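Structure at a glance
Below, each chain spelled out in residue letters.
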Amino acid sequence: MSDITEKREGEFFDDVLKYFNRAAKFVNVSEGLLEQIKYCNSVYRMKFPVKVGNDYMVIEAYRAEHSHHKLPTKGGIRFSTAVNQDEVMALAALMTYKCAIVDVPFGGAKGGIKISPRKTTPEEMERITRRYTSELIKKNFIGPGIDVPAPDYGSGEREMAWIADTYATFFPNELNALACVTGKPVGQGGIRGRREATGLGVYFGIREALNVAEDCAKWGMTPGIAGKTFIIQGFGNVGFHSAKFIYEGGGKIIAIAEWNGAVYNPNGIDPMALEAHHQKTGSITNFSGGENYDKYGALEIACDVLVPAALENQINKDNVARINCKIIAEAANGPVTPEAEEVLIAKGVYIIPDIYLNAGGVTVSYFEWLKNLSHVRFGRLGKRYEESAAKNMISVVENMTGKAASDIQKSLIERGADEKDLVYSGLEETMISAYHDIRSELITTEGINDLRTAAFVVAIKKIAQSYNTLGVFP
Ligand code: NAD
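Note that the structure is predicted; figures quoted are calculated from it, not measured.

**Observations regarding the environment of Ile-101**
- Along the chain, Ile-101 turns up in helix H3 (residues 85-101).
- Once the C-alpha coordinates of Ile-101 and Glu-126 are considered, the two residues, 25 residues apart in sequence, prove to be 34 Å apart.
- If sequence neighbours within four positions are ignored, Ile-101 has contacts with Ile-355, Tyr-356, Ala-434, Ile-438, Ala-455, Ala-459 and Lys-462.

What follows is the structure, given as structure tokens:
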């Protein structure tokens, strides 16, 4: 992972406030309630020592809980040298709005540990993650009903397993201990489909946008994802899985950028082959399926859809004039600055905002949390029953028609849903219905010209409604 390329400490949370204030004008909610919604409820800033060799390394870390209107709060933990309080507050706020948009009943939170995972050994990573978890426990910033972390930039299943194990060690009698964190490996309480969930959600969101024929006509495109050209920035969890599903859906990925270089091929890149090369060599550069390219220059190649999937502030006032796409699909959090957004909207670029598009991760984290609380795998009770009901139905149809179903027909019908099927279908439904909620706000509310404002409006209305239901703001 690279350290953030352009650091704008103190500006990211302000950017989120700008978006919020722009949307608040379209919502009939009192000033007091708007204030309550937009600011961060609590932030825990910590420093703790970790033994490295014969010495100690003092680690700076954070956990921000943006909104307690629903509990637990939820949000990833980022491992990066660029972590700071402003960044975790901004990302926590985005989580609040994201959860509201996709009807996930959580408040928003985010954590950050200021280290470079690339320069930290696995043993140090484990010590740091476990110590961070015990700091959260001490201050009541983690728990199945309090605050539930997840993976983010620089962290993954391994770190989530350490968090769950540390929590369970502190609370040996807590039956629901595994629900204290999501994004765990399947063998340790995780759910099938979580690893790829954010990228799959990105794919569903882009596909839905491209399925609306009247919008495609406005962008000068034919409907559908097939044959459209894509550029992806970041080839980590979100970037790789977005690329994989876009490719499988028929999209043509012409460039992929990473922290140390990019690969370009106007005829299309196979992300699975690139991932194999990445695993083998440690880099996406020097790939036989494309030519090396400048990592920032790659974002400026003409394409239909640009998918920033790395970090915030990647499309900013310095490069916005050279961005040459019809749609920006924000797979990362905050990849477009407000200044750049103004220019892009004026040029007619359609931005599918982060608070909707990358909500697949938290949606499937919600499913994982439900699985941990119910202590049963999705599909376990119904799979065989569905299969035998389908077999009975086929035999009734065969008897009535006197014709036998083919093996292919049988294999398609006689299959009960397993956990992954249910997760994928729940995610698909969530992304499709949320897209139409925010799009309909965009097309029906006079004065709203962009999907981000529409998405914020939808989120603010839902959060305000839940405060009213609580009787806090009658
Ligand atoms: P990750 O660490 O798995 O991958 C990020 C990738 O970006 C890394 O491979 C890194 O090398 C690359 N990168 C860094 N700087 C770059 C640069 N200048 N140009 C090109 N590539 C660069 O992280 P991730 O989990 O994929 O997260 C990526 C983004 O998606 C973040 O903004 C994160 O907040 C957001 N997000 C992640 C999830 C999730 O489930 N992991 C959910 C929602 C949002």
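Anyway, onward from the coordinates.
**What to know about the pairing of strand E10 (residues 303-308)**
- In terms of burial, E10 is largely enclosed, as six of its six residues are buried.
- When strand E6 (residues 229-233) meets E10, the two strands line up parallel, connected through four bridges. From the neighbouring strand, Ile-231 faces E10, where its bridge partner is Leu-306.
- Direction of pairing for E10 relative to strand E11 (residues 325-329): parallel, over a ladder of three bridges. Directly across from Val-305, in E11, lies its bridge partner Ile-327.

**A short note on the packing of aromatic side chains**
- The tally for this structure, following the rule as stated, stands at 16 aromatic pairs.
- On the numbers, 6.1 Å between centres and 40 degrees between planes, the contact of Tyr-19 with Phe-456 is tilted. Linking Tyr-19 in helix H1 (residues 12-24) with Phe-456 in helix H16 (residues 451-470), this pair joins segments that are 437 residues apart in sequence.
- With a relative accessible area of 1%, Phe-456 lands in the buried category.
- Taking 5.0 Å as the distance between ring centres and 85 degrees as the angle between the ring planes, the aromatic pair formed by Phe-106 and Trp-369 counts as edge-to-face.

**A look at the packing of helix H12 (residues 360-374) against helix H15 (residues 419-444)**
- Remark: H12 packs on H15, axes separated minimally by 10 Å, with the N-to-C direction vectors making an angle of 135 degrees. Relative to H15, the element H12 lies oblique. As for the relative orientation of H12 and H15, their crossing is right-handed in sense. The segment H12 lies against H15, with Gly-360, Thr-363, Val-364, Phe-367 and Lys-371 engaging Glu-419, Val-423, Gly-426, Leu-427, Thr-430 and Met-431.
- Looking at the contact of H12 with H15 residue by residue, the classes come out as five nonpolar, four polar and two charged.

**Re the domain arrangement of the chain**
- Each domain of the chain was delimited in the assignment, giving domain 1 (40-188) and domain 2 (191-382 + 417-452).
- Each of domain 1 and domain 2 has a C-alpha centre, and these two points are 25 Å apart.
- Both faces considered, domain 1 and domain 2 share a buried interface measuring about 2500 Å² in area, 63% of it formed by carbon and sulfur atoms.
- There are three salt bridges connecting domain 1 and domain 2.
- Here Arg-195 ties to Glu-157 by a salt bridge, and the two come within 2.6 Å at their closest N and O atoms.
- Along the contact surface separating domain 1 from domain 2 lie ten residue pairs in polar contact (both at pLDDT 80 or more).
- Mapped by element, the contributors of at least two residues to the side of domain 1 that touches domain 2 are strand E3 (73-79), H3 and strand E5 (147-151).
- Examining the composition of the side of domain 1 that touches domain 2, we find that eight residues originate from one element, H3, more than from any other.

About the criteria used
- Residues numbered from 1 in each chain as written.
- Predicted model: local features only at pLDDT ≥ 70, side-chain atom pairs only at ≥ 80, totals over all residues.
- Heavy atoms only, no water.
- Helix = DSSP H or I, 4+ residues; strand = E, 2+ residues; numbered from the N terminus.
- Contact = heavy atoms within 4.5 Å.
- Buried < 20%, exposed > 50% of the residue type's maximum accessible area, 1.4 Å probe, protein only.
- Pairing = 2+ DSSP bridges.
- Phe/Tyr/Trp six-rings, centres within 6.5 Å; stacked < 30°, edge-to-face > 60°.
- Axes fitted to C-alpha atoms, helices over the stretch in contact; angles between N-to-C directions.
- Parallel < 35°, antiparallel > 145°, perpendicular 65-115°, else oblique.
- Left-handed = near helix turned anticlockwise from the far one by under 90°.
- Nonpolar A, V, L, I, M, F, W, Y, C, P; charged D, E, K, R; others polar.
- Domains from an automatic or database assignment.
- Buried area = accessible area lost by both parts, 1.4 Å probe.
- Salt bridge = Lys/Arg side-chain N within 4 Å of Asp/Glu carboxyl O.
- Polar contact = N/O pair within 3.5 Å; in protein donor to acceptor, adjacent residues only side chain to side chain.

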